[in-house]
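# Close look at the chain arrangement
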Amino acid sequence: MVLVRGPVGPTGDLGQGHDLGGPDETGPEADLQGQATGLDLARRRLCAGLALAPLVVLAAAAVVASTQIADGLRQFRLSDRNVTVKGLAEREVAANLVIWPVNFVEADNSLDKLYDRLESHTVAVRTYLKRLEVSDAEVSVGLPRVQDMQAEAYGGNIDRPFRYRGELTLTVRSAQVAAMKGAIQNAGELVRNGVVFGAYNEPPQFIFTELNALKPGLLAEATANARLAAEQFAADSGSEVGVIRDANQGVISISDRDAATPDIKVVRVVSTIQYQLQ
């Protein structure tokens, strides 16, 4: 509502105001208009908030994802820290089996006499072994080999003192290692009794056959030695030894300790193991 004052009177007083009929700003209409303005403002704020909500969610998801990726990369780098080491284990063991091929030769112009001489040498070898407590069951006799020197394709016309040459091999297979070692060392006694060994006589073999019983302890020792090496690497790098990532048993070798003692064997294994460093 607008109030217009009248002209100033003679006494200086303002004249009576006249209502021009304008709207009253403090009435019910003004209150409704203010409420509508407030609701509109709240609606705008709500819409703005709803519009920003997906962005906030995406931002939070990005932060979580980046954290997880960083942790994953860190774990990947840690899991890729490995050390590969070798562990050695050796044992000296005594052979428990001896194989001795006893090959001897004889010559004569008569096949009967040649056979008799080979048979005589066979008896001599058996008697020698029995004296050293090697039984007949541990001795096997091979087939005799006889050559007719005059029937040879090359050199058959050469004048030879004996027409026939024969050889025979007795193979001794015994677990009495000490007795067999003495028999081999004293084989010159057979030569004294007329037994002539062949020029290409195979050397005796001393064998260790109980590897399966020795293997678990040998591998355990090799693994323990490998872990000691891994722990040293870990200590130098400020890490700790974790689980085994990969392992290779390695080849187990058996060899003579030296040329003078073929009855003493060295069993050796080198295992390769990869550990994870933590």
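About the thresholds
Residues numbered from 1 in each chain as written. Predicted model: local features only at pLDDT ≥ 70, side-chain atom pairs only at ≥ 80, totals over all residues. Heavy atoms only, no water. Helix = DSSP H or I, 4+ residues; strand = E, 2+ residues; numbered from the N terminus. Contact = heavy atoms within 4.5 Å. Areas by Shrake-Rupley, 256 points an atom, 1.4 Å probe, with all protein chains shown as cover. Buried < 20%, exposed > 50% of the residue type's maximum accessible area, 1.4 Å probe, protein only. Polar contact = N/O pair within 3.5 Å; in protein donor to acceptor, adjacent residues only side chain to side chain. pLDDT = per-residue confidence, 0-100. Expected span 1.5 Å × (residues − 1). Core = buried A, V, L, I, M, F, W, Y, C linked by side-chain atoms within 4.5 Å. Salt bridge = Lys/Arg side-chain N within 4 Å of Asp/Glu carboxyl O. Pairing = 2+ DSSP bridges.

## Section: the overall build of the protein
Tallying secondary structure elements over the protein gives five helices and twelve strands in all. The long-range share in the protein, meaning contacts at least 24 apart out of those at least 6 apart in sequence, stands at 73%. Summed over its atoms, the accessible surface of the protein is roughly 18600 Å², and 56% of this surface lies on carbon and sulfur atoms.

## As for the environment of Arg268
You can see Arg268 is positioned in strand E12 (residues 264-277). Residue Arg268 is classed as partly exposed on the basis of its relative accessible area, which comes to 36%. On a C-alpha basis, the gap between Arg268 and Ser253 in space is 5.3 Å, while along the polypeptide they are 15 residues apart. Excluding its chain neighbours within four sequence positions, the residues that come into contact with Arg268 are Leu88, Ala89, Glu90, Val251, Ile252 and Ser253. There is a polar contact of 3.0 Å between the side chain of Arg268 and the side chain of Glu90.

## What about the confidence of the model for the protein?
Residue-level pLDDT values for the protein average 81, and 70% of them are 70 or greater. Here strand E1 (residues 3-6) stands out as the element of the protein with the lowest mean pLDDT, 45, in contrast to strand E9 (residues 205-207), whose mean of 97 is the highest. Between residues 1-23, whose pLDDT stays under 50, and residues either more than four places distant or in other chains, the model counts 27 contacts.

## Looking at helix H5 (residues 211-237)
Here H5 spans 38 Å end to end across 27 residues, near enough to the 39 Å set by a 1.5 Å rise per residue. What H5 keeps buried is the set Leu214, Leu218, Ala222, Ala226, Ala230 and Ala234. Contacts made by the buried residues of H5 are with strand E3 (82-94), strand E10 (241-248), strand E11 (252-256) and E12.

## A closer look at the nonpolar core
Formed by 21 residues in total, the largest nonpolar core has its most connected members in Trp100, Val102, Phe104, Val125, Leu129, Leu170 and Val172. For this core, the elements supplying multiple residues, two or more each, are strand E4 (97-108), helix H2 (111-131), strand E7 (164-174) and helix H3 (177-185). The residues contacting Leu170, other than those within four sequence positions of it, are Trp100, Pro101, Val102, Phe104, Thr122, Val125, Arg126, Val139, Ser140 and Val141.

## Quick word on the pattern of salt bridges
The tally for this structure, following the rule as stated, stands at 14 salt bridges. With a shortest N-O distance of 3.0 Å, Glu90 and Arg268 are connected by a salt bridge. In this pair, Glu90 is assigned in strand E3 and Arg268 in strand E12, connecting sequence segments 178 residues apart. Connected through shared salt-bridge partners, Glu92, Arg257 and Asp258 make up one network.

## Notes on H3
Buried within H3 we find Val177, Ala179, Met180, Gly182 and Ala183. Contacts from the buried residues of H3 go to E4, H2, E7 and E9.

## Some words on the side chain of Thr261
Position of Thr261 relative to the elements: it lies in the loop between E11 and E12. A distance of 2.7 Å separates polar atoms of two side chains, one belonging to Thr261 and the other to Asp258.

## Here we look at the side chain of Ser271
Here Ser271 lies in strand E12. For Ser271, a relative accessible area of 4% translates into the label buried. At 2.7 Å, the side chain of Ser271 forms a polar contact with the backbone oxygen of Gln249. Beyond its immediate chain neighbours, meaning those up to four positions away, Ser271 contacts Val85, Lys86, Gly87, Leu219, Ala222, Asn248 and Gln249.

## Observations regarding the pairing of E12
Consecutive side chains along a regular strand alternate between the two faces of the sheet. The buried count for E12 comes to ten of 14 residues, which makes it a mostly enclosed element. Summarising the sheet, E10 and E12 pair through five bridges and their orientation is antiparallel. Following the sheet pairing, Asn248 is matched in E12 by Thr272. In terms of strand pairing, E11 meets E12 through five bridges, oriented antiparallel. By the bridge assignment, Ser253 is partnered in E12 with Arg268.

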